[in-house]
Amino acid sequence: MKQVIKYFFLFCFGGGVYYGIEWAFRQYSHPSMFLLGGICFIICGVFNEILPSELPLPAQMLLCTLAITTLELIFGYILNIKMGLRIWDYSGHFLNFKGQICLLFSVIWFFMGGIAIIADDYIRYWFFDEEKPSYVFLRKTKEKNTK
C-alpha cells in the first residue's frame, strides 16, 4: 500500500507541476496535460531508480528527454490529430514533426528531465525515507596502472 501511495503522490506532484507550468506560460492548459505530466514524472523517477547509480546525470536526462518527447508525440497524435483537440501545435517551430514535437521542446524536456530526476529523488528521500540522493555528472575514468 505504501508503494501505491508513493506513486500516486509522485504522479499528482508531476502532473500538478506540469499543469501549473503550462498555465503560467500559456494562461491555459488541458486536463490531459496533468495526466501527461504525471506519467512523465513517474518515468523520469523510475529511470533514475533502475539505472546504474554511476550513470551520469546528463545521460539520465537524455533518456528522460527521449521518453517525454515520445509520450508527447503519442499524446499529440491521439489528442490533437485523431481527436482534433488542438491542445498544442508546434508547426511554426524549427524541426517539428507534424506539429506535435519539435527540437526546441526536446531541449526544454532535457533540462526539465534533470529537474524531475532531482525532485523525484528528494521527494522519495524527504517523504518516503528512501536513500539520500547523490549524482555523477561526468563518467569517472579508470585509473591507469603506472608500474
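Residue positions are counted from 1 within each chain, in the order its sequence is given. Totals for whole chains, interfaces and linings use every residue, but because this is a predicted model, local features are given only for residues with pLDDT of at least 70 and side-chain atom pairs only at 80 or more, for both listing and counting. The basis for the side-chain values is all heavy atoms of the structure; hydrogens and waters are excluded.

Draft legend 1. Quick look at the packing of helix α2 (residues 31-50) against helix α4 (residues 103-128). Inter-axis angles, ranging from 0 to 180 degrees, are taken between N-to-C directions of lines fitted to C-alpha atoms, where helices are fitted over the stretch in contact. Secondary structure elements are taken from DSSP: a helix is a run of H or I of four residues or more, a strand is a run of E of two residues or more, and numbering for both begins at the N terminus. Two numbers describe how α2 lies on α4: the axes approach to 9 Å, and their chain directions differ by 75°. One way to sum up the angle between α2 and α4 is to call them roughly perpendicular. Residue-level contacts link Phe41, Cys44, Gly45, Asn48 and Glu49 of α2 to Gly113, Ala116, Ile117, Ala119, Asp120, Asp121, Ile123 and Arg124 of α4. Classifying every residue of the contact of α2 with α4 by side-chain character gives six nonpolar, three polar and four charged. With respect to orientation, any angle under 35 degrees is reported as roughly parallel, any angle over 145 as roughly antiparallel, any angle of 65 to 115 as roughly perpendicular, and every other angle as oblique. Only heavy atoms enter the contact rule, under which two residues are in contact if any of them lie within 4.5 Å. Residue polarity follows a fixed list, in which Ala, Val, Leu, Ile, Met, Phe, Trp, Tyr, Cys and Pro are nonpolar, Asp, Glu, Lys and Arg are charged, and the others, Gly among them, are polar.

Draft legend 2. Broad picture of the packing of aromatic side chains. In summary, the pairing rule links any two rings of Phe, Tyr or Trp, Trp by its six-membered ring, whose centres are within 6.5 Å, and it sorts them by plane angle into stacked for under 30 degrees, edge-to-face for over 60 and tilted for everything else. A full pass over the atoms with the stated rule returns twelve aromatic pairs. Both rings, one in tyrosine 122 and one in tyrosine 125, keep their centres 6.2 Å apart while their planes meet at 85°; by these two values the pair is edge-to-face. Taken together, the residues span about one helical turn, with tyrosine 122 and tyrosine 125 both in helix α4 at a distance of three residues. Judged by relative accessible area, tyrosine 125 falls into the partly exposed class, the value being 29%. Counting every residue linked through ring pairs, the aromatic cluster contains Tyr18, Trp88, Tyr90, Phe105 and Trp109. The buried label applies to any residue whose accessible area, calculated with a 1.4 Å probe on protein chains only, is under 20% of its type's maximum; exposed applies above 50%, and partly exposed to all values in between.

Draft legend 3. Layout of the nonpolar core. Definition used in this section: a nonpolar core is a set of buried Ala, Val, Leu, Ile, Met, Phe, Trp, Tyr and Cys residues joined via side-chain atoms within 4.5 Å. Membership of the largest hydrophobic core comes to 25 residues, with the highest contact counts inside it found for Met33, Leu36, Phe41, Cys44, Trp88 and Ile117. Counting only elements with at least two residues in this core, the list comes to α1 (2-26), α2, α3 (57-82) and α4. Excluding anything up to four places from it in sequence, isoleucine 117 contacts Cys44, Asn48, Leu57, Gln60, Met61, Cys64 and Tyr135.

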